[in-house]
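Analysis of the macromolecular model
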Amino acid sequence: MNVLNPKEAVEDLPGWTGGDDFITKVFKFDDFAGAFGFMSEIAVVAEGMNHHPEWFNVYNRVDVTLTTHDAGGVTEKDVTLAKRMEAAAR
């Protein structure tokens, strides 16, 4: 797996920022049901990819951090999952 530069990986991902070895975004929804629905949809996608996000939820907010631990940084798997999250959040 090729490790990507996190700051370059987020160039086409609105609202995402890159850290040393991760990408991150805060999603906000109308209410808890919207946030939980988003998480439920992405849980199925992530399981199918065998690539699981680090995330935290309070009420209408979902904080997401993506990294590929076994590669030691951001990979195309993270970018793909971030794009799926963007689609689900619309």
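Below you will find a few notes about this structure. Just so you know, these numbers come straight off a predicted model, no measurement behind them.

Our focus in this paragraph is the packing of aromatic side chains. Evaluation of the coordinates by the stated rule reveals five aromatic pairs. With centroids separated by 6.4 Å and ring planes inclined at 20 degrees, the aromatic side chains of F27 and F29 adopt a geometry described as stacked. Side by side, F27 and F29 carry an identical accessibility label, which is buried. Consider the rings of F29 and F38, whose centres lie 5.0 Å apart with planes at 40 degrees: the pair is tilted. Like F29, the residue F38 is buried in the burial classification. Each residue in the set W16, F27, F29 and F38 is aromatic and connected to the rest through ring pairs, giving one cluster.

A separate point is unusual backbone geometry. Phi at N50 takes a positive value of approximately 55 degrees, unusual for a residue other than glycine. Structurally, N50 is set in the loop between α2 (32-49) and β3 (54-58). Backbone geometry at Y59 places phi at a positive 50 degrees, although glycine is not the residue there. Tracing the chain through its elements places Y59 in the loop between β3 and β4 (61-66).

The next thing to look at is the environment of F36. With respect to the secondary-structure elements, F36 resides in helix α2. Between the C-alpha atoms of F36 and V58, which are 22 residues apart in sequence, the distance is 9.7 Å.

Our next topic: a nonpolar patch on the surface. A cluster of nonpolar side chains, F32, F36, F56, V58 and Y59, forms an exposed patch at the surface whose accessible area comes to about 550 Å². Of all the secondary structure elements, the ones that give two or more residues to the nonpolar patch are α2 and β3. Following the sequence through the fold, V58 ends up in strand β3. Accessibility expressed as a relative area gives 48% for V58, which makes it partly exposed.

Conventions and cut-offs
Residues numbered from 1 in each chain as written. Predicted model: local features only at pLDDT ≥ 70, side-chain atom pairs only at ≥ 80, totals over all residues. Heavy atoms only, no water. Phe/Tyr/Trp six-rings, centres within 6.5 Å; stacked < 30°, edge-to-face > 60°. Buried < 20%, exposed > 50% of the residue type's maximum accessible area, 1.4 Å probe, protein only. Helix = DSSP H or I, 4+ residues; strand = E, 2+ residues; numbered from the N terminus. Patch = residues over 30% accessible without salt bridge, like charges linked within 9 Å, V, L, I, M, F, W, Y side chains within 5 Å. Areas by Shrake-Rupley, 256 points an atom, 1.4 Å probe, with all protein chains shown as cover. Salt bridge = Lys/Arg side-chain N within 4 Å of Asp/Glu carboxyl O.

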